[in-house]
Amino acid sequence: MALVPCQVLRVAILLSYCSILCNYKAIEMPSHQTYGGSWKFLTFIDLVIQAVFFGICVLTDLSSLLTRGSGNQEQERQLKKLISLRDWMLAVLAFPVGVFVVAVFWIIYAYDREMIYPKLLDNFIPGWLNHGMHTTVLPFILIEMRTSHHAYPSRSSGLAAICTFSVGYILWVCWVHHVTGMWVYPFLEHIGSGARIVFFGSTTILMNFLYLLGEVLNSYIWDTQRSMEINFISMGPSS
């Protein structure tokens, strides 16, 4: 039996994201006042994705609790739709986008933080909030993947969805540059147009890879657990 029920963990994680979003939006940074506001940044978009995802998880838990034993077929159908939406969001958005944000941010930060998170931001964003946006996303999503099985969509539709998201965000970043003359991320100012095309293409490929990684990881976790349960049952009670 788990030390903390997964339903309680989801509520706690959802409240954490709500706190992070509220504190982030309360910060008066110049970039928040320019074209696109906070929605220019993938980190903020990811926080919204994670909050919505865990909100759906909590709603699914509540619906499951309320419909348990009711025998109402319509409620059960609605619950199945909610579970399908939850699983789709984890597969297509929460896992690949969340892991992408954490991995890419800290890799660029370790190479040269001025390219992704200038020291000037330390005057606006406290350290705990930075880690809330760029670090805890990974363990939170891994906890969710470990505590509950999620049915992935067909590979073709899943990859098509994550490609659409990736290309859509790239076009949004390019549009912001077209309107303002400034790139959302400082390092894009220091590389040529050819290098930008390579970078944007690489990020789309990486997003696809992370989708496949999530699919493999989800299968590994739950196939392994099923094998352990089958072995335990086949062994029977010890004498």
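Residues numbered from 1 in each chain as written. Predicted model: local features only at pLDDT ≥ 70, side-chain atom pairs only at ≥ 80, totals over all residues. Heavy atoms only, no water.

As annotated in an unreviewed UniProt entry, the protein chain is Androgen-induced gene 1 protein isoform X4 from Neomonachus schauinslandi. The UniProt entry for the protein chain carries this comment under Subcellular location (unreviewed entry): "Endomembrane system". What UniProt states about the protein chain under its Sequence similarities (unreviewed entry) heading is, verbatim, "Belongs to the AIG1 family." (UniProt positions renumbered as here; feature names shortened; annotations may be inferred.)

Draft legend 1. Examining the packing of aromatic side chains more closely. Summed over the entire model, instances satisfying the criterion amount to 17 aromatic pairs. Ring centres of Trp39 and Phe44 lie 4.9 Å apart, and the angle between their planes is 90 degrees; on these two criteria the pair is classed as edge-to-face. You can call Trp39 partly exposed: its relative accessible area is 44%. A ring pair is formed by Trp183 and Phe200, whose centres lie 6.3 Å apart and whose planes are at 50 degrees; its orientation type is tilted. Of this pair, Trp183 sits in the loop between helix H6 (155–180) and helix H7 (193–235) while Phe200 sits in helix H7, and the two are 17 residues apart along the sequence. (Phe/Tyr/Trp six-rings, centres within 6.5 Å; stacked < 30°, edge-to-face > 60°. Buried < 20%, exposed > 50% of the residue type's maximum accessible area, 1.4 Å probe, protein only. Helix = DSSP H or I, 4+ residues; strand = E, 2+ residues; numbered from the N terminus.)

Draft legend 2. Just the UniProt feature "transmembrane region" (unreviewed entry) in the protein chain, in detail. The sites that carry the UniProt feature "transmembrane region" (unreviewed entry) are, in the present numbering, residues 42–67, 88–108, 128–145, 157–178 and 198–221. For residues 128–145, the end-to-end C-alpha separation is 24 Å, with 89% helix and 0% strand making up the annotated structure. Note that residues 157–178 is 100% helix and 0% strand, and that its end C-alpha atoms are spaced 31 Å apart.

Draft legend 3. Local environment of the side chain of Ser38. Tracing the backbone through its elements, the reader meets Ser38 in the loop between helix H1 (6–26) and helix H2 (42–67). Leave out the neighbours within four places in its chain, and Ser38 touches Tyr24, Lys25, His32 and Phe44. (Contact = heavy atoms within 4.5 Å.)

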